[in-house]
Amino acid sequence: MTTIAERTKLIKPSVTLAIAAKAGKLRSEGIDVVNFSAGEPDFDTPDHIKAAAVEALRKGMTKYTDVKGIEPLRAAIVHKYEREHGLSYRKEDVLVSCGAKHSVYNVLQAIVNPGDEILIPAPYWVSYSDMALLAGGVPKLIQTSEATGFRTNAEQLEAALTAKTRVFILNSPCNPTGASYAADEILAIARVLEKHSCLVIADDIYEKIVYDDFQVHNIVALNPALRDRTVIINGVSKTYAMTGWRIGYAIGPADVISAAGKIQSQSTSNATSIAQAAALEAIKGPQDDVMTMVREFHKRRDVIVDRLNAIQGMRCLKPQGAFYVFPNVRTLLGKTANEKKLASPCDIADYLLEEAQVAVVPGEDFGSKEHIRFSYATALEDIEKGCKRIASAVGKLQ
Ligand SMILES: *Cc1c(COP(=O)(O)O)cnc(C)c1O
């Protein structure tokens, strides 16, 4: 048998994908599964964006591009940050990659040395810790809870920072909790970071998906002193319903961006040429579709939070961003179903899939032993139907 490299043993396969596979199998058997597990908008990519890709194909944009991305796209990204956050970057400070996940990966590969600590507020997006491990780093979690709206703060950060801390990752609005940081909260965190020398990764991929007039703030815009050691991550997947196109980007200090570009140049080279043309239209073109999608997410958030909180044993906050809710299911742990004890969120997710034909993602993947994640990027009628089924399945627990 072939010997598989040690580094593959550092990381775990995604539970999210395992659930999706199980749900897919049930669906292929004709079973009507309500899917709350998808981490992507259910909307189709807006037509004007698709048309830009078709046009690029017609024009023969089918060759390698600059590794860092086509010039007009990087210029549009620079312009966006100038317009929306008052930040001035140059095109050289932008690296376009095959999705924001790839952007984070390249940046970590470019800056992490063996033993470096990566500080991650938990619950966290599944990939941060595994990408840190692949880079030889040591993920260190800062545990948050409902009590602080799943947001970390200056005190926690101060206590977690050590001489070995290389990176602090801030994700607002957050996947899986929806936690969104207000300006004063980011400022307090930035003041602590300012005294330290670590790099900051600001994953702003959900910046457009916010509710109740919530104002999104970028950490560099609030504290320019951090500019030379902050990399901003963003992309088109979530904002423009473009997950399959694979376009994300990093903006930051030239030395880090150039090193990340070097890593990319020896792995994927440029992101897909026609997808870059589509991303350019997404960022530069009309933004009405974004507003329509966010309005729809807003309605769904209100309904799902209401319905879940009406179920005995589920307790969830109303997050101000992203399209996830992260109810606490602690009081369901230890109950039994069909003589089987539900000992973990994973057991609960399994039970809900089997008993209620509802797919959710267990919290373990995100660093929690008492939550499950629902994505409400799904039709309102499915939200109503799914929550009814869950209520009835939970009612059967003993
Ligand atoms: C979805 C997601 C990403 C990456 O999205 P791409 O499709 O790779 O652009 C990055 N960060 C968070 C927190 C996400 O939820």
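Along each chain, the written sequence defines residue order, and numbers are assigned to residues from 1. Totals for whole chains, interfaces and linings use every residue, but because this is a predicted model, local features are given only for residues with pLDDT of at least 70 and side-chain atom pairs only at 80 or more, for both listing and counting. Calculated side-chain values reflect all of the structure's heavy atoms, with hydrogen atoms and water omitted.

Moving on, we come to the domain arrangement of the protein. As far as domains go, the protein holds domain 1 (6-44 + 289-395) and domain 2 (47-284). Contacts between residues were defined by any pair of non-hydrogen atoms, one from each residue, lying within 4.5 Å. With 33 residues of domain 1 in contact, the opposing surface of domain 2 contributes 33 residues. We define buried area as the total accessible area lost by two parts upon association, computed with a 1.4 Å probe and summed across both. Taking both partners together, domain 1 and domain 2 bury about 3000 Å²; carbon and sulfur atoms supply 60% of that area. In what follows, salt bridge is the name for a side-chain nitrogen of Lys or Arg lying within 4 Å of a carboxyl oxygen of Asp or Glu. Across the domain 1-domain 2 interface, the total number found is 3 salt bridges. For D130, the salt bridge identified is with K12, shortest N-O distance 3.4 Å. As annotated, the domain borders come from an automatic or database domain assignment.

Now for the packing of helix 5 (residues 100-111) against helix 10 (residues 254-265). Packing of helix 5 against helix 10 leaves a shortest axis separation of 8 Å and a crossing angle of 105°. Taken together, helix 5 and helix 10 sit at an angle that is classed as roughly perpendicular. Across from H102, N106, V107, Q109, A110 and I111 in helix 5, the residues of helix 10 making contact are V256, A259, A260, I263 and Q264. Classification convention: Asp, Glu, Lys, Arg as charged; Ala, Val, Leu, Ile, Met, Phe, Trp, Tyr, Cys, Pro as nonpolar; all other residues, Gly among them, as polar. For the contact of helix 5 with helix 10, the per-class residue count stands at 7 nonpolar, 4 polar and no charged. In this analysis an axis means a line fitted to C-alpha atoms, helices contributing only their contacting stretch, and an angle means the value between N-to-C directions, from 0 to 180 degrees. Helix numbering and strand numbering both begin at the N terminus, where a helix is a DSSP run of H or I of at least 4 residues and a strand a DSSP run of E of at least 2. Small angles under 35 degrees read as roughly parallel and large ones over 145 as roughly antiparallel, with 65 to 115 read as roughly perpendicular and the rest as oblique.

A few words on the site of the ligand. For the ligand, the set of nearby residues contains 13 residues, the closest of which are A100, D203, S237, K238 and R246. Polar contact is defined as a pair of N or O atoms within 3.5 Å, subject to the rule that within protein one atom must be able to donate a hydrogen and the other to accept it, and that residues adjacent in sequence are counted only when both atoms are side-chain atoms. At 2.9 Å from an oxygen atom of the ligand is found a side-chain nitrogen or oxygen belonging to N175. Notes on the ligand: free accessible area 380 Å², of which the protein chains cover 94%. Of the residues contributing to the shell around the ligand, the split by class is 5 nonpolar, 4 polar and 4 charged. Note on definitions. A residue lies near a molecule or strand when any single heavy atom of the residue is within 4 Å of it. Here the open area of atoms and residues is found with the Shrake-Rupley method and a 1.4 Å probe, where only the protein chains shown may cover a residue.

By the secondary structure assignment, T230 is in strand 7 (residues 230-235). Judged by relative accessible area, T230 falls into the buried class, the value being 0%. For the pair T230 and I201, spaced 29 residues apart in sequence, the C-alpha separation works out to 5.8 Å. Ignoring any residue separated from it by four or fewer positions in sequence, one finds T230 in contact with V200, A202, I219, V220, I251, G252 and P253. Among the polar contacts made by the side chain of T230, one reaches the main-chain carbonyl oxygen of L226 at a distance of 2.8 Å. Per-residue accessibility, obtained with a 1.4 Å probe over protein chains only, is compared with the maximum for each type, and a residue is labelled buried under 20%, exposed over 50%, and partly exposed between these values.

With that out of the way, let us pick up the sheet that holds strand 9 (residues 324-325). Two strands pair under a simple rule: DSSP has to find at least two bridges between them. Judged by pairing direction, the sheet is antiparallel, and its 3 strands sit side by side in the order 9-14-13 without closing on themselves. Looking along the sheet, the strands with just one partner apiece sit at the ends: strand 9 and strand 13 (361-362). Looking at chain direction, strand 9 and strand 14 (residues 372-375) are connected through 2 bridges and run antiparallel. Bridging across to strand 14, Y324 finds its partner in S375.

With that settled, consider the pairing of strand 6 (residues 199-203). With 5 of 5 residues buried, strand 6 lies mostly within the body of the structure. The alternating pattern of strand 6 places L199, I201 and D203 on one face and V200 and A202 on the opposite face, and all of these are buried. Handedness of the crossover joining strand 5 (residues 165-171) and strand 6 through helix 8 (residues 183-194): right-handed. Here 4 bridges tie strand 6 to strand 7, and the two strands are oriented parallel to one another. Looking at the pairing, A202 lines up with I232 of strand 7. Seen with the strands pointing away from the viewer, any crossover whose path from the first strand over the helix to the second strand runs clockwise is right-handed.

Whether two aromatic rings pair depends on their centres lying within 6.5 Å, for rings of Phe, Tyr and Trp, where Trp uses its six-membered ring; planes under 30 degrees apart make the pair stacked, over 60 edge-to-face, and the rest tilted. According to the stated counting rule, one finds 9 aromatic pairs in the structure shown. On the numbers, 5.2 Å between centres and 55° between planes, the contact of F36 with F374 is tilted. Placement of F36 in the loop between strand 1 (34-35) and helix 3 (47-58) and of F374 in strand 14 is noted, with a sequence separation of 338 residues between them. Since its relative accessible area comes to 0%, F36 is described here as buried. Here the aromatic rings of F326 and F366 are separated by 6.0 Å at their centres, their planes lie at 85°, and the arrangement is edge-to-face. Of this pair, F326 sits in the loop between strand 9 and strand 10 (336-337) while F366 sits in the loop between strand 13 and strand 14; the two residues are 40 residues apart in sequence, bridging distant segments of the chain. By relative accessible area, which is 1% here, F366 ends up buried.

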